[in-house]
Amino acid sequence: MSATGTDVHHVEVRRGRYVDSVSLMQVSATVAATPGVHKAQVAMATELNLDVLTGMGFEIPADAGPNDMIVAVSAEGDEAVAAALAVMEDAVASIGRGGGSGDTFGGEPAPRTTRWAVERSGAPLAVVSVPGEHAFAEAMGALDAGSSVLVFSDNVPLEHEVLLKRTAADRGLLVMGPDCGTAIVGGVGLGFANVVRRGPVGVAAASGTGAQQFTSLLHTAGVGVSHCLGLGGRDLSEAVGGLSARAALAALDADPATEVIVVVSKPPHPAVAADLQEYAATLATPVHLVLLGAGQPTITAGVEKVLAELGVDRPDWPTWGVPDEAPRVSGALRGLFAGGTLCDESMLIAAETLGDIRSNIPLRPELALPAGLEHDGHLMIDFGDDTLTQGRPHPMIDPGLRLARLEKEAADPATGVVLLDVVLGHGAHADPAGDLAPAVTAARRTAADAGRELAVVISLCGTDADPQGLEAQAAALAAAGASVFSSNAAATRYAVALVSGGQR
Amino acid sequence: MNTLDLLDGTPSVVGTGVALFSDALRAQGVDVTDVDWTPPPAGTSAALARVLADPRRVEANRLAAERMLAAGAELVDVRLASEALDLQPGHFLHAGPPITWERASGPLRGALIGAVLFEGLASGPEEAERKLASGSFTWEPCHHRGAVGPMAGVVSPSMWVFELTDPSSGRTSWCSLNEGLGKVLRYGAYSEEVITRLRWMSEVLGPALQSGVRRARDRGAELDMLAIVAQMVQMGDEGHNRNRAGTLMFMRDLLPDILEAGVDPLRLAEVVRFIGGNDHFALNLVMPTCKLITSAAADIPGSTVVTVMARNGTDFGIQVSGTGQQWFTGPAQTPSGMFLGDYGPDDANPDIGDSAITETAGIGGFAMAAAPAIVRFIGGEVGDALTATRLMYQITTTENQRLGVPILDFRGTPTGIDVTKVLASGVLPQINTGMAGRVAGVGQVGAGLVTPPMECFEGAVQALAAAAPTLG
């Protein structure tokens, strides 16, 4: 570490000039980076720094002390030295000027975890939609911070769900989900939710589209919803045992705005359903269980029962484009669904008349469709099933897969009726009919060109307050030749009647 | 909060994941706090979930926090390491997790060579190195004996150590006496001037300090180091890279007792000049103070709080309360920062020293907001220092109200790193540190900022998961 012979060495002592050592290290680095400068050190003349300066080849005046600042520069020539000193002056002066951004006091960093965000905001609810394997950590963080949580994520391991729900139960909190797509809390729609009026009916739903159908029909009948709490599709399974259903019922029971409670679920485990019924009987608020299954009432029937209890007349559920005389069709019923519960309900209804329905979410394991989802008889496909949504958005947002299948069914001489659901509301496609109506027109033309009649029946789940506009959506679909029903049960019965020879 | 609060009025919501949902909520007039989420390291989600599901965790971490906040630190003695730490000739302590000679970094090797020379166990550096490499001597981490050592952290039997105790638990911690800056043993230098200074420290500094500390103790006036730490944090020190105020307060508090103890005035002048010329003298008192704070949280089954972060110049190692004395290691990173003289990044050794015990206890980089000058090491602005401290609250268990940061409205420093929060947030602890020369014998080349490798926290979470009880 010695200076080269040709360089100009400049050393000066600034008496009594104190600058913080860390700041001076920064100044030194800045000066050393000046063109033509080979070595530079600006430092207080402490014993350590004198050693460093000597080691760099500078000669320091013997009388320099720890309260003096040394400026030492080795550069190509006098001009370079002068330039370095100017840079040094500027750098030393800038130390006192504060931050260049003007944001001297910094900002609060963005929350990196759900837990911290809940702690800072005091929010009573967290919505977690990270990939399934990571959902547990975020959801548990929310519970640790004292908030309830809606887990939208799918593919969450079953044991994670049970652990979360047990923890929530211990702490008086609610876990909605996982795979919970729908909830309405305090009038706010979370995930996929229809815009419904507020009122006395509290809903707890182990079913996303089941909850949407239920609340939409209630709204259509003029009755409002206090809250709609999602439970996750597995909540009433044997493994989970209705942990969130109980928590939700307890919360709704304690909620002064809730006068009637309804539980809507996909087919539950019988023992869990029985336990839940027993628990419901202990509550002060009347509870209706609308649990789908063979021989059980439909969602529409469940709505009608609640209406009766509230003393509200059952309306004629709206339809659009249903001809006075049903067309004559032959062939099989093909249901193409975005909503899993709507698909379940349609299979249960259709099976009563048509017998076995094949499906990717079959009522009995032996009715499972093969991998290609092809079968020459009646079939119904849930395009919202996890296996079909991996790596792509839900069919309520992205209609691609379903439209392709509709085109295929149109070309299949075995297809008589296509039954589709369309779900409106927050989170759903901004204009589903804009994509679907032309596809329906095209499908019917394809069949007609082949000399066949293809009937298209649509179950349209929505309300007149939904952002997509219920009437406009229905009108567009009806204009394309579809028969549109607001009740999924009614749509299914109509479709079944068409393929079973006019029995309605 | 409970579920009833959720149903009472329009909820505010925290959104983690898909932005679409937060947007839909905002469109409905809901107050949404978005989480800047990143996935935890690949392959850790199952173990992380397992640890978070441990029913003991919440209470164990509450207890860890309570104990850390209750711990105190009083300077009760200055003693020979051979007595205080039961060190036999040829037995040395060092910083960080255990390491062999083959894997030891330049500064650690240099410091061991220097210690062998200081103890008179070799006639020169070559012989010292040969004996060290051949297994003539033994060494183990300072932490294995409840001690801490800055940088290489090498302690030999003839060195003197500060002895601090926590009056609430009776626990004791030790640290060597600070040698000053530049060419010093802890940075791996071992030249004649280094050994000469160590001899002076043993013959003059240690005994002088001992007489003062014992005099104070005898009159029932043990020096409260935690009180000094609290003051220094309010005076612009963060206790790791800045100990200027702490050093002066230490001198102020101890000097009368040294004078009363009758230390020879000329020797006393040497001692005061030595301490006064070294802004880091108090670091070696702050470190055992922090060790007492973190030790208080150790060995609580189910706790995910970090109790040790330490580096040997090759490996970064941590210990976690729920897994006792087990080390979880990863490769030590090289700090980024400012360099002395014309040293540069290529001259710097990877991170070394037990001094990250300060961050483990909630000061150092965690109290950066209290010492904004430090942020200039990375060319940052004062706001960056405040942001750094604020970010650390996201990975810690509690706040230490006794260590208030004025510019944050005297908010307590973030304390008790939680390994599950580190993994879930991806935020690594911020450490302020010195930089040793890569080559044995060089000494200090700079100072800067560094973080631990994520591997340490991954390993800890895997071990905590394995140790978690079966879920009933």
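Residues numbered from 1 in each chain as written. Chains lettered and ligands numbered in written order. Predicted model: local features only at pLDDT ≥ 70, side-chain atom pairs only at ≥ 80, totals over all residues. Heavy atoms only, no water.

Q: Which residues make up the overall build of chain B, and what values go with them?
A: The helix and strand inventory of chain B stands at 16 helices and 18 strands. For 472 residues, the compact-globule estimate of 2.2 N^0.38 gives 23 Å, and chain B sits close to it at 23 Å. Seen along its three principal axes, the alpha-carbon backbone of chain B occupies a region of about 75 × 50 × 50 Å. Scored against the burial criterion, the 472 residues of chain B give a buried share of 65%. If you sum the accessible surface of chain B, you get close to 15,300 Å²; carbon and sulfur atoms cover 52% of it. Side-chain charges in chain B split into 34 positive and 51 negative, and the spacing between the mean points of these groups amounts to 3 Å. (Helix = DSSP H or I, 4+ residues; strand = E, 2+ residues; numbered from the N terminus. Rg over C-alpha atoms; globule rule 2.2 N^0.38 Å. Buried < 20%, exposed > 50% of the residue type's maximum accessible area, 1.4 Å probe, protein only. Areas by Shrake-Rupley, 256 points an atom, 1.4 Å probe, with all protein chains shown as cover. Lys, Arg positive; Asp, Glu negative; His and termini not counted. Charge placed at Lys NZ, Arg CZ, Asp CG, Glu CD.)

Q: Now, about the pattern of salt bridges: what can you tell me, with residues and values included?
A: Pairs may arise between side chains of opposite charge once their charged atoms sit close together. As enumerated under the stated definition, the model contains 43 salt bridges over all chains in all. For the salt bridge of Arg252(B) with Asp253(B), the shortest nitrogen-to-oxygen distance reads 2.9 Å. The exposure class of Arg252(B) is partly exposed, given its relative accessible area of 49%. The partner of Glu399(B) in a salt bridge is Arg411(B), with the nearest N and O atoms 3.0 Å apart. Remark: Arg411(B) occurs in strand β16 (residues 411–417) and Glu399(B) occurs in strand β15 (residues 396–405); sequence separation between them is 12 residues. Judged by its relative accessible area of 25%, Glu399(B) falls in the partly exposed class. A single salt-bridge network, built from bridges that share partners, covers Arg334(A), Glu374(A), Arg405(A), Lys408(A), Glu409(A) and Asp412(A). (Salt bridge = Lys/Arg side-chain N within 4 Å of Asp/Glu carboxyl O.)

Q: Got a sec to walk through unusual backbone geometry? Specific residues and values, please.
A: Excluding glycine, a negative phi dihedral is what most residues carry, and trans is how most peptide bonds are arranged. Put simply, Gly177(A) and Pro178(A) share a cis peptide bond, and its omega is 5 degrees. Positive phi outside glycine occurs at Asp179(A), with the angle close to 60 degrees. Along the chain, Asp179(A) turns up in the loop between β6 (175–176) and β7 (182–185). A positive phi angle, near 60 degrees, is found at Asp409(B), a position not held by glycine. Asp409(B) gets classed as exposed once you look at its relative accessible area, which sits at 73%.

Q: So what about the packing of aromatic side chains? Which residues, and what values?
A: Under the definition given, this model contains 10 aromatic pairs over all chains. Centre to centre, the rings of Phe152(A) and Phe21(B) are 4.2 Å apart; their planes meet at 55 degrees, and the pair counts as tilted. On the criterion of chain membership, the pair formed by Phe152(A) in the loop between β5 (148–151) and α6 (158–171) and Phe21(B) in helix α2 (residues 19–27) is interchain, its members lying in two chains. Of the aromatic side chains, those joined through ring pairs into one cluster are Phe162(B), Trp200(B), Phe250(B), Phe274(B) and Phe281(B). Lying over the aromatic face of Tyr393(B), Arg411(B) brings its terminal NZ or CZ to 3.5 Å of the ring centre. (Phe/Tyr/Trp six-rings, centres within 6.5 Å; stacked < 30°, edge-to-face > 60°. Lys NZ or Arg CZ within 6 Å of the ring centre and 35° of its normal.)

Q: So, helix α16 (residues 454–467) of chain B: which residues are in play, and what are the values?
A: Residues and elements named next belong to chain B. In this model, α16 (14 residues) spans 20 Å end to end at C-alpha, consistent with the 20 Å of a helix rising 1.5 Å per residue. Within α16, the full set of buried residues consists of Met454, Cys456, Phe457, Ala460, Val461, Ala463, Leu464 and Ala465. On the buried face of α16, the contacting elements are α3 (45–52), β10 (306–312), β11 (315–320), β12 (328–331), β16 and α15 (419–425). (Expected span 1.5 Å × (residues − 1). Contact = heavy atoms within 4.5 Å.)

Q: Could you give an account of the sheet that holds β11(B), with specific residues and numbers?
A: All names here are of chain B. Taken in spatial order, the 4 strands make up an open sheet running β12-β11-β10-β14, and their pairing is antiparallel. Unpaired on one side and paired on the other, β12 and β14 (352–353) mark the two borders of the sheet. Judged from the 5 bridges that link them, β10 and β11 form a sheet pairing that is antiparallel. The residue of β11 that forms the bridge with Val306 is Val320. (Pairing = 2+ DSSP bridges.)

Q: Can you tell me about the sheet that holds strand β8 (residues 172–176) of chain B, naming the residues and giving the values?
A: All names here are of chain B. The sheet built from 5 strands is open, its strands ordered β6-β8-β7-β3-β9 with mixed pairing. At either end of the open sheet lies a strand with only one pairing partner, and these are β6 (147–148) and β9 (223–224). As paired strands, strand β7 (residues 160–165) and β8 are joined by 5 bridges and run antiparallel to one another. In the sheet register, Phe162 faces β8, and the bridge partner there is Cys175.

Q: If you had to explain the interface of chain B and chain A to someone new, which residues and values would you point to?
A: Taken together, the contact between chain B and chain A spans 66 residues of the former and 81 residues of the latter. Of the roughly 6,300 Å² buried between chain B and chain A, counting both surfaces, carbon and sulfur atoms make up 63%. For the pair chain B and chain A, the number of links is 4 salt bridges. A salt bridge links Asp342(B) to Lys39(A), with the nearest nitrogen and oxygen atoms 2.7 Å apart. Here chain B and chain A share 16 residue pairs in polar contact (both at pLDDT 80 or more) between them. No other element matches helix α14 (residues 382–392) of chain B, which puts 6 residues into the side of chain B that touches chain A. (Buried area = accessible area lost by both parts, 1.4 Å probe. Polar contact = N/O pair within 3.5 Å; in protein donor to acceptor, adjacent residues only side chain to side chain.)

Q: Can you lay out the nonpolar core for me, pointing to particular residues and giving the numbers?
A: Here is a general trend for soluble globular proteins: nonpolar side chains tend to be buried in one another's company. In this structure, Phe162(B), Leu205(B), Leu209(B), Met225(B), Phe250(B) and Ile275(B) are the most contacted members of the largest nonpolar core, which totals 93 residues. If you tally residues by element for this core, the top one is helix α8 (residues 192–218) of chain B, at 10 residues. The contact partners of Phe250(B), leaving out residues within four places of it in the chain, are Leu75(B), Phe162(B), Leu209(B), Leu223(B), Ile228(B), Ile275(B), Phe281(B) and Leu285(B). With 57 residues, the next largest nonpolar core counts Ala139(A), Trp37(B), Met309(B) and Val422(B) among its residues. (Core = buried A, V, L, I, M, F, W, Y, C linked by side-chain atoms within 4.5 Å.)

Q: Residues and numbers for the pairing of β15(B), please.
A: All names here are of chain B. By the bridge criterion, 6 bridges tie β15 to β16 in an arrangement that is antiparallel. Following the sheet pairing, Thr396 is matched in β16 by Ile417. Linking β15 back to β16 in an antiparallel pair, the connection comprises 5 residues, with Asp409 at a positive phi of about 60 degrees.

Q: Tell me about the confidence of the model for chain A, and please be specific about residues and values.
A: Residues and elements named next belong to chain A. Within chain A, residue pLDDT values average 91, and 96% of them lie at 70 or more. Mean pLDDT per element in chain A: helix α12 (residues 386–389) is the minimum at 82, and strand β19 (residues 482–485) is the maximum at 98. Across residues 98–103, confidence stays below pLDDT 50; counting only partners more than four residues off in sequence or on other chains, it has 5 contacts. (pLDDT = per-residue confidence, 0-100.)

Q: Can you break down the side chain of Thr285(A) residue by residue, with the values?
A: Residues and elements named next belong to chain A. As for its position among the elements, Thr285 is in the loop between α9 (270–281) and β12 (287–291). Engagement of the side chain of Thr285 in a polar contact is seen with the side chain of Asp253, the distance being 2.6 Å. The residues touching Thr285, leaving out its near neighbours within four places in the chain, are Asp253, Thr258, Glu259, Val260 and Ile261.

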